[in-house]
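# Inside the fold
Listed below are the residues making up each chain.
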Amino acid sequence: MKKILITETILRDAHQSQAATRMRLSDMLPIAAKLDDVGYFSMEMWGGATFDTCMRFLNEDPWERLRQIRRAMPKTKMQMLLRGQNILGYKHYADDVVEKFVELSIKNGIDIIRIFDALNDVKNLKTAMKATKKHKKICEAAMSYTLSPVHTTEYFIKLAETLADMGADIICIKDMANLLLPYKAYELVKGIKEKVNLPVHVHTHNTSGTGEMTLLKAIEAGADIVDTALSPLGNGTSQPATEPLIATLQGTEFDTGIDLAKLTEITAYFRGVANRLKTEGYLNDKVLSVDVNALIYQVPGGMLSNLISQLKEQGASDRYYDVLNEVPRVREDLGYPPLVTPTSQIVGTQAVLNVLMGRYKMVTKETKALLKGEYGELPAAPNREIQKEILKDEEPITCRPADLLTPELEKYAEEAKEYIEQEEDVLSYALFPQVATNFFKFRQAKKIGLDGTLGDKVNKIHPV
């Protein structure tokens, strides 16, 4: 009998995928003890977009969120998502920043770090993986799953072997766009399990409506851990719902051992949170419906909504399908990058410009940086003519991008010294200088406004 382990995503990816990452710490703490008692393998509750939105929109310290949830859930492993050399930002950081971020994440309560790179360039995972191992926590190395002529089952099996050789404790298949179909999932998981003697963790979404079947076939093929989200914020653009999968596996050789009755009160609680998020305009029913375009155009749900927004701003909503047809062409020109942050934004924006302005008549600095190798090694050779036209006389770099960076932690500490109240603040500033500075000012003003007057004024400027 093989017990399937569950990672619950309701405190991170579920509300990031469905409600613009707007769940607050005050929504999480009242139910934390009940969550801790369920028997999950881990609770994914930090990283991804939560770090940015904590400060930018909620006036919360992300580090304090981590510490408080850790204290409230002593029995369950805390898990986070890290973008390799990008950490949680959108550019590459020097190794000293990556190392310190991993160190302090672990010091504040993280047990498992899921580390991925948008291009699957393993050179961009090396520093974060080493740092996680150094501090004796679980290194979950993730492969960004996508489809293209180069992204075959064999490609991902070989990548899994490489990650295992680099010291991964767990191999994660990260299917951010719900492109991994059930029988492909079976084939891929089975292939990895035959080559790699490590647990396999499967992460998918239910955007195209196939996520539950994908998890079931992955489990049958030998997957050890799967990501799910409790039903009030499950399915749609989020992960497949937790309760139906637990019910499905009950009494089988894959029984999770989780008591469904324990989830009843928790589900009712989060239904209330979801209703509030809906009332505030952050949770839209559209994110719960099946979107077959995810399979046809291989575009993640978040990227689709971004394209719609860009076209609306340009008064060109009627060009939507032209842009969707252009996305795969741009992706091929740029060497088939997986469509995940930040490459999804780069490809999407360039596709919009190509349709509205003419192909590559206007090129973003990010498209140029991608073709130059500043994000890492592309999965396949880009269109050489387009690359030469965009780069002009500049030569692409072939080394690890971070090798060109000098240590920068001290520089960030110096720049932010007037606001620093804890060591972690330096990293908040390093990742999001302007956002962190605004948050630090809010934090200072709130302390000064002891009678509530100044605090109220600040709250109007930066609404919680």
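Structure report, in brief. (Residues numbered from 1 in each chain as written. Predicted model: local features only at pLDDT ≥ 70, side-chain atom pairs only at ≥ 80, totals over all residues. Heavy atoms only, no water.)

### With respect to the pairing of strand S2 (residues 42-47)
- In terms of burial, S2 is a largely internal element, six of the six residues being buried.
- Pairing between strand S1 (residues 5-8) and S2: two bridges, direction parallel. Directly across from Glu8, in S2, lies its bridge partner Met43.
- Bridge count between S2 and strand S3 (residues 77-82): five bridges; the pairing is parallel. (Buried < 20%, exposed > 50% of the residue type's maximum accessible area, 1.4 Å probe, protein only. Helix = DSSP H or I, 4+ residues; strand = E, 2+ residues; numbered from the N terminus. Pairing = 2+ DSSP bridges.)

### Details of the sheet that holds strand S8 (residues 225-228)
- Here eight strands make up a closed barrel; going around it, the order is S1-S2-S3-S4-S5-S6-S7-S8 and the pairing parallel. Going from strand to strand, the sheet's axes swing by 25 degrees on average, the running direction of each strand aside.
- Lying on the sheet, helix H7 (residues 153-165) is in contact with strand S5 (138-144) and strand S6 (170-174); it crosses S5 at an angle near 155 degrees.
- Those strands touched by helix H8 (residues 182-195) are S5, S6 and strand S7 (200-203), and its axis lies near 160 degrees from that of S7. (Axes fitted to C-alpha atoms, helices over the stretch in contact; angles between N-to-C directions. Contact = heavy atoms within 4.5 Å.)

### Concerning the packing of helix H2 (residues 25-36) against helix H4 (residues 62-72)
- Running from amino to carboxyl end, H2 crosses H4 at an angle of 25 degrees, the nearest separation of the two axes being 9 Å. By the angle class used here, H2 and H4 are roughly parallel. Remark: the crossing between H2 and H4 carries right-handed chirality. Every residue of H4 that contacts H2 at Leu25, Met28, Leu29, Ala32, Ala33 and Asp36 is listed here: Arg65, Gln68, Ile69 and Ala72.
- In the contact of H2 with H4, the residues fall into seven nonpolar, one polar and two charged. (Parallel < 35°, antiparallel > 145°, perpendicular 65-115°, else oblique. Left-handed = near helix turned anticlockwise from the far one by under 90°. Nonpolar A, V, L, I, M, F, W, Y, C, P; charged D, E, K, R; others polar.)

### Focus: the packing of aromatic side chains
- Within the structure shown, the criterion is met by 15 aromatic pairs.
- Centroid distance Tyr90 to Phe432: 6.4 Å. Interplanar angle 70 degrees. Geometry classified as edge-to-face. Of this pair, Tyr90 sits in the loop between S3 and helix H5 (95-107) while Phe432 is found in the loop between helix H19 (424-431) and helix H20 (433-448), placing the two residues 342 residues apart along the sequence.
- Residue classification places Tyr90 among the partly exposed positions, given a relative accessible area of 40%.
- A connected cluster of aromatic rings, assembled from ring pairs, spans Trp46, Phe51, Trp63, Tyr90, Phe101 and Phe432.
- One Lys or Arg, Lys174, reaches over the ring of Phe116 and ends 4.8 Å from the middle of that ring.
- Positioned above the aromatic ring of Tyr412 is the side chain of Lys411, whose terminal nitrogen or guanidinium carbon lies 4.5 Å from the ring centre. (Phe/Tyr/Trp six-rings, centres within 6.5 Å; stacked < 30°, edge-to-face > 60°. Lys NZ or Arg CZ within 6 Å of the ring centre and 35° of its normal.)

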